[in-house]
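Next come the chains, spelled out residue by residue.
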Amino acid sequence: MDKIIIQGGVPLHGTIEISGAKNAALPLLAAAILADGEVIYQRIPHLKDISTMMTLLAHQGADVMFDHKNCLHVDTRMADKPVAPYELVKTMRASALVLGPLLARFGHAEVSLPGGCAIGARPIDLHLKGLEAMGAHIEVEHGVVKAHAPQGLHGARIFFDIVTVTGTENLMMAATLAKGETIIENAAREPEVVNLADSLRRLGAKIKGDGSGTITIQGVPSLHGGTIETIADRIEAATYLSAGIITGGDITVTKTNPADLEAFLTKIKTCGVKVDSGDDWIRCQAPKRENGEKLKSTNIQTRPHPGFPTDLQAQFMALMCLAEGTSDITESIFENRFMHVQELARMGADIHLDGHTAIIRGVSQLSGAPVMATDLRASASLVLAGLAAQGTTTISRVYHIDRGYERIEEKLKQVGAQIERHSTSEQLIPQGMLYD
Ligand code: EPZ
């Protein structure tokens, strides 16, 4: 397992180019199952989760390969195995995103149930209820979802009593080939959902209302191939902007969309950060310590988009550890997304938990320490804390980070970070690890 070692205390300055979004690319790849033709993907990030999804599509019989221009070609016309085995699903729960497309394309599918993970139980009951409303017969046997729709899927009116991102994506994809109209109420409004809807329309789907709480899909007999592009990774962008803020520096991120980060940017402005942006870039300048300026504390509550993203909660907590005053951070989406709290405390942070709320009292500095990554975004908060801490921070189990951040140490080195990756011969990823 690799470790990342950081010598902290260096203000970061410069520009970082943002990669395609992991959480957009995963449903986009699953959508290839629906297409009667080759789909060419631009801006697919090179991440562990992406290669897992590629392996899953190939396992089903699809042709999957990168060309010399770094575009990914996926052709599922030869695919004939509508399955997603546990060996793959256990390493990436987003594998459940193939269920709707497989059912719509083949009329049956066997997809292993994703287990829980570090941040919560994360059931997919709403995905299954929606597919049943569309005419699927679903049984769960020995941890495998066995779904059949011998007459094909039909349109339905579906109301999500909890906003679910991949639930919205799964059912939107299934509905593209269903007979008749499907309306999804209380749908997720994330930019990744809109990217998927835009891409499905390029392949011939009839979808309206994406980005609002109500999405309407008119089923069509088939979808054709085409070229689609992944949007920028807004979570990566905000993570690197936070690296500049927490170290007292000045970072610009490019090839990104400021509109996707409204909640985050509004919040950090109230903390005294200077924010500038253009069509495809954002610049954040930390309060100037030399002028006696300090990062101010604030409170956040995570919410479905356009609220404050749960995927930025851990990173924002790292910022608030060094802010002036006390901050309350409430995690409203997942039941156990505070695994980073104990690790930050090892670095001198003053945090205590009261149910789903963390109360953070700002301290004057953090100190480097050996810490352990527990899930993808917790890992990012430890990197941020290490960049700001005095001394050396060693982060183990960095395979969590590699699932969501492309070449993280390379991108941070470009802006002055003293960060190295050390490969160790220790046992590979512990067996049975489940991932968020
Ligand atoms: C997506 O996960 C993202 N993953 C997550 O990003 C993100 O944190 C999450 O949305 C929330 O924004 C991908 O897009 C691949 P949900 P998802 O269904 O779709 C409950 C990261 O760090 N729920 O929106 O799995 C669920 O338990 C990852 O990049 C049900 O109860 O999340 C949770 O409490 C982590 N039943 C809430 O809804 C269901 O059938 C929101 O979950 C589905 C969800």
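Residues numbered from 1 in each chain as written. Predicted model: local features only at pLDDT ≥ 70, side-chain atom pairs only at ≥ 80, totals over all residues. Heavy atoms only, no water.

## So, the overall build of the protein
- When helices and strands are tallied, the protein shows 14 helices and 24 strands.
- Computed over the C-alpha atoms, the radius of gyration of the protein is 22 Å, within 12% of the 22 Å expected from 2.2 N^0.38 for a compact globule of 436 residues.
- For the protein, the spread of C-alpha atoms along the three principal axes comes to 70 × 45 × 45 Å.
- For the protein, the proportion of its 436 residues judged to be buried stands at 57%.
- Considering only contacts within the protein whose residues lie at least 6 apart along the sequence, 73% involve residues at least 24 apart.
- Put simply, the protein shows about 16600 Å² of open surface, and 50% of that area lies on carbon and sulfur atoms.
- Each charge class in the protein can be summarised by its mean position, and for the 41 positive and 50 negative side chains these summaries are 2 Å apart. (Helix = DSSP H or I, 4+ residues; strand = E, 2+ residues; numbered from the N terminus. Rg over C-alpha atoms; globule rule 2.2 N^0.38 Å. Buried < 20%, exposed > 50% of the residue type's maximum accessible area, 1.4 Å probe, protein only. Contact = heavy atoms within 4.5 Å. Areas by Shrake-Rupley, 256 points an atom, 1.4 Å probe, with all protein chains shown as cover. Lys, Arg positive; Asp, Glu negative; His and termini not counted. Charge placed at Lys NZ, Arg CZ, Asp CG, Glu CD.)

## Digging into the packing of helix 10 (residues 313-321) against helix 12 (residues 376-388)
- Two elements in contact, helix 10 and helix 12, have axes whose closest approach is 7 Å; the angle formed by their N-to-C orientations is 25°. Judged by the inter-axis angle, helix 10 sits roughly parallel to helix 12. At the point where helix 10 passes helix 12, the crossing takes the right-handed sense. When helix 10 is examined against helix 12, the residues Ala314, Gln315 and Ala318 are found in contact with a partner set consisting of Arg377, Ala378, Ala380, Ser381, Leu384 and Ala385.
- Its residues assigned to classes, the contact of helix 10 with helix 12 shows 6 nonpolar, 2 polar and 1 charged. (Axes fitted to C-alpha atoms, helices over the stretch in contact; angles between N-to-C directions. Parallel < 35°, antiparallel > 145°, perpendicular 65-115°, else oblique. Left-handed = near helix turned anticlockwise from the far one by under 90°. Nonpolar A, V, L, I, M, F, W, Y, C, P; charged D, E, K, R; others polar.)

## Structural notes on the confidence of the model for the protein
- When pLDDT is averaged along the protein, the result is 95, and 97% of the positions lie at 70 or above.
- A low-confidence stretch, residues 428-434 stays under pLDDT 50, and its non-local contacts, those more than four residues away or across chains, total 15 contacts. (pLDDT = per-residue confidence, 0-100.)

## Considerations on the site of the ligand
- By nearness alone, 21 residues border the ligand, and Asp125, Thr164, Thr166, Asp311 and Ile333 come closest of all.
- One nitrogen or oxygen atom from the side chain of Arg337 is found 3.2 Å from an oxygen atom belonging to the ligand.
- Between the ligand and Arg377 there is a distance of 2.8 Å, counted from an oxygen atom to a side-chain nitrogen or oxygen.
- Compared with its free state, where it exposes 830 Å², the ligand has 90% of that area covered by protein. (Near = heavy atom within 4 Å. Polar contact = N/O pair within 3.5 Å; in protein donor to acceptor, adjacent residues only side chain to side chain.)

## Describing the pattern of salt bridges
- Here the structure, examined in full by the defined rule, presents 20 salt bridges.
- The partner of Asp210 in a salt bridge is Arg201, and the shortest N-O contact between them spans 2.8 Å.
- With relative accessibility at 15%, the residue Asp210 sits in the buried group.
- Here Arg421 makes a salt bridge to Glu409, at a shortest N to O gap of 2.7 Å. A residue pair is termed long-range when its members are at least 10 positions apart, and Arg421 in strand 24 (residues 418-423) and Glu409 in helix 14 (residues 408-413) qualify at 12 residues.
- For Arg421, a relative accessible area of 23% gives the class partly exposed.
- Using a relative accessible area of 14% as the deciding quantity, one classes Glu409 as buried.
- Taken together, the salt bridges that share partners define one network made up of Asp2, Asp402, Glu409 and Arg421. (Salt bridge = Lys/Arg side-chain N within 4 Å of Asp/Glu carboxyl O.)

## Some details on the environment of Cys271
- Position of Cys271 among the secondary structure elements: in the loop between helix 9 (262-270) and strand 16 (274-277).
- By relative accessible area, which is 1% here, Cys271 ends up buried.
- For the pair formed by Cys271 and Leu319, sequence separation is 48 residues and the distance between their alpha carbons is 9.9 Å.
- Residues in contact with Cys271, not counting those within four places in the same chain, are Pro287, Lys294, Leu295, Lys296, Thr298, Phe316 and Met320.

## Section: the sheet that holds strand 19 (residues 326-330)
- Taken in spatial order, the 4 strands line up as 18-19-21-20 in an open sheet, and their pairing is mixed. Looking at which strands have only one partner, the edges of the open sheet turn out to be strand 18 (300-301) and strand 20 (350-354).
- Looking at chain direction, strand 19 and strand 21 (residues 357-361) are connected through 5 bridges and run antiparallel. Bridging from a neighbouring strand, Ile329 pairs with Ala358 of strand 21. (Pairing = 2+ DSSP bridges.)

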